[in-house]
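# Survey of secondary and tertiary structure
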Amino acid sequence: MLQGATDGTEGGLIEGRMWIAGEWVSASQGRATPVLDPSDGRVLGHAPHASPEDVKRAVDAAREAFDRGPWPRWKPKDRAQVLRRAAQLLTERAEVLAQLESRNAGKPIRQATFFDLALAPEHLSYFGDLAARPQRRRVAQPDLEGSEGTIVREPVGVCVGIAPWNLPLLMAVWKVGPALAAGNTVILKPSVLTPFTSLELARILDEAGLPKGTFQVVTGPGADVGNLLVADPRVDLVSFTGSTSVGREVLARSAGTIKRTLLELGGKSANLILPDADLERATDGAIFGIFLHAGQLCESGSRLLVPARQRDRVIQLLLEKTHRLRVGLPRSFATDVGPLISEEQRKRVEDYIHSGVADGAKLLAGGQRPDTPELRRGFYLRPTIFADVTPSMRIAREEVFGPVLSILTYESVDEAVEIANGTEYGLAAAVWSENVSKARRVADRLRAGTVWINSYHLLSCHAPRGGFKQSGIGRELGPEALDEFSEVKHVFRDPDGRWASTAYPLLFEEADGPPPTSTGNQPAPGPKDG
Ligand code: NAD
């Protein structure tokens, strides 16, 4: 049973509250948004619809906590301790949180347990390790010999994290973890569809000893709550994960106040089977790449590139394996594929399926809703496979974000690479081959932030993750994540005044010392030498 922010109340509904300035609050205008269970379309609970006044309070609190609060001034090791303690609490509550994530996001419990709730604590703990890293380092300045340079990593300020619905808690950790590790204060806005585990994260961070006001969670629709946060001049950084179309709006709006803007956006990832691949392994990877979480992962391998002469064998293997997938209730450990997040999302995916048929692709599997009585009320779609897809079709170019695989064929590896790189996206890709050096050479040619060789969806918190092209700006995870949430300051000292007096003749004609060279500092000797 969860406590506080997401307590079950009347009729077993979850009534969420926001976490602002160290208090649990309802929306000041009393509005709340119903949150549905995608497995049956029923109301699971409500989350506050923040008013402009609530958003302002959240920014006030985060600003105050940054400008005058303790967190940015704490020693790195003390910040690290809070994040590690929070990671431990996440581990202790993993089972309950996995159930909540599964119900709210329609994620099969197996995936919520062994992916989301396994990675979230591990990654938060890693961000704790990053927090403990030294904030200062000396830099060699041989061009200004004898001078002293120190590079200081400082927090950016008030950071806003805007998260999508597909991996609600994990995405929250990827934003909140490095932002706090770097000493920032944070406002998180989860998706209006999946607010509950983010509220529990606030509870956990509070229990772990995070000073009040350092972290807030505001809930409500992106179009008003998200907009207000992005436009607020007192916010210094926005980290947004979501669709490329909303990412464009966020970037345009944040430009008004020149905010640092990190974007983790959509994808149309290519899963490339080379002619020498082990087809059993490659087709396992293709199924895993597209149907995990019903294809609702930004990096889902939605385009399968197959050598033309292996097309029939690959299709045969894919169909056998797809027919074995169990579409079912997220709460069952036997379920492989759960529902989509909403009726709206299902209709969007069905629209893509219709476009595939209309464009002349061959529908080999799926394409319909399951007719099992227990699934009839939920937002389910059967795993869908299209063959004979060409690069110009919508299902080959646009992000479907559902369980739809497009198979394209190629004649040469050059052609395969051209097709793989031929979209506006560049989030991820995979290469399947029994020849490691050949696979590496192809991986080097793929324009994507992550390239897997003979695997899919694997990630390490020690390595950066993000998009090329219109899949994003910036990186999450790895030490790079800390850099994204840090300002870098150069402190320069000229111990004996040598370089200052060498430079002064640039302005003061009568200053001592020889005139500087064209570069201003090399190889002019200091006054004592000259
Ligand atoms: P979305 O773009 O609709 O919404 C994402 C978030 O932005 C939500 O919290 C939403 O409320 C908010 N939002 C909506 N309009 C806004 C606005 N005008 N200003 C500010 N915030 C606004 O995306 P979604 O449907 O929640 O998630 C699916 C998308 O997320 C897919 O495109 C997927 O590829 C992408 N995604 C990317 C990554 C990645 O790491 N690159 C990871 C997960 C999901």
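Bear in mind that the values here come from a model prediction, so they are computed numbers and not experimental data.

### Quick notes on the pattern of salt bridges
Enumeration according to the criterion identifies 35 salt bridges in this entry. For Glu476, the salt bridge identified is with Lys175, shortest N-O distance 3.0 Å. Taken together, the residues span a long stretch of sequence, with Glu476 in the loop between strand S22 (472-473) and helix H15 (478-484) and Lys175 in helix H5 (residues 168-181) at a distance of 301 residues. Judged by its relative accessible area of 2%, Lys175 is buried. Taking the shortest distance from any N to any O, the salt bridge between Arg311 and Asp388 comes out at 3.0 Å. In this pair, Arg311 sits in helix H10 (residues 311-323) while Asp388 sits in the loop between strand S16 (384-387) and helix H12 (394-397), placing the two residues 77 residues apart along the sequence. One network of salt bridges, in which partners are shared, links Glu343, Arg346, Lys347, Glu350 and Arg369.

### Comments concerning the domain arrangement of the protein chain
The domain boundaries assigned to the protein chain delineate domain 1 (8-265 + 478-487) and domain 2 (270-461). Here domain 1 and domain 2 have C-alpha centroids that lie 31 Å from each other. Listed by partner, the interface residues are 33 residues for domain 1 and 31 residues for domain 2. Regarding the contact of domain 1 and domain 2, the summed buried area is about 2500 Å², with carbon and sulfur atoms giving 62% of it. The largest per-residue losses of area from domain 1 upon contact with domain 2 belong to Ser39, Arg110 and Trp165, which jointly make up 22% of the total buried on that side. On inspection of domain 1 and its partner domain 2, the count reaches 2 salt bridges. Across the salt bridge formed by Asp336 and Arg110, the nearest N and O atoms sit 2.7 Å from each other. If you look at where domain 1 meets domain 2, you find 11 residue pairs in polar contact (both at pLDDT 80 or more). When residues of the side of domain 1 that touches domain 2 are traced back to their parent elements, those giving at least two are strand S4 (32-37), helix H3 (94-105), helix H4 (109-131) and helix H8 (244-255). Residue contributions to the side of domain 1 that touches domain 2 peak at 10 residues, all from H4.

### A closer look at the packing of H3 against helix H6 (residues 196-207)
Look at H3 against H6: their axes get within 9 Å of each other, and the N-to-C directions meet at 155°. On the basis of their axis angle, the class for H3 and H6 is roughly antiparallel. Facing H3, whose interface residues are Leu97, Leu100, Glu101 and Asn104, H6 presents Phe196, Thr197, Glu200 and Ile204. Among the residues forming the contact of H3 with H6, the class breakdown is 4 nonpolar, 2 polar and 2 charged.

### Things to note about the environment of Asp276
Here Asp276 shows up in the loop between strand S13 (270-273) and helix H9 (279-291). Take Asp276: its relative accessible area is 25%, and that puts it in the partly exposed class. A C-alpha to C-alpha distance of 49 Å links Asp276 and Leu205, two positions 71 residues apart in sequence. Setting aside its immediate chain neighbours within four residues, Asp276 contacts Trp432, Ser433, Glu434, Asn435 and Lys438. Of note is the side chain of Asp276, whose polar atom sits 3.5 Å from the backbone nitrogen of Glu434.

### Structural notes on helix H2 (residues 76-92)
Taking 1.5 Å per residue as the helical rise, H2 with its 17 residues ought to reach 24 Å, and the 25 Å between its terminal C-alpha atoms agrees with that figure. Among the residues of H2, Pro76, Arg79, Ala80, Val82, Leu83, Ala86, Ala87, Leu89 and Leu90 are the ones counted as buried.

Each value, and the rule that gives it
Residues numbered from 1 in each chain as written. Predicted model: local features only at pLDDT ≥ 70, side-chain atom pairs only at ≥ 80, totals over all residues. Heavy atoms only, no water. Salt bridge = Lys/Arg side-chain N within 4 Å of Asp/Glu carboxyl O. Helix = DSSP H or I, 4+ residues; strand = E, 2+ residues; numbered from the N terminus. Buried < 20%, exposed > 50% of the residue type's maximum accessible area, 1.4 Å probe, protein only. Domains from an automatic or database assignment. Contact = heavy atoms within 4.5 Å. Buried area = accessible area lost by both parts, 1.4 Å probe. Polar contact = N/O pair within 3.5 Å; in protein donor to acceptor, adjacent residues only side chain to side chain. Axes fitted to C-alpha atoms, helices over the stretch in contact; angles between N-to-C directions. Parallel < 35°, antiparallel > 145°, perpendicular 65-115°, else oblique. Nonpolar A, V, L, I, M, F, W, Y, C, P; charged D, E, K, R; others polar. Expected span 1.5 Å × (residues − 1).

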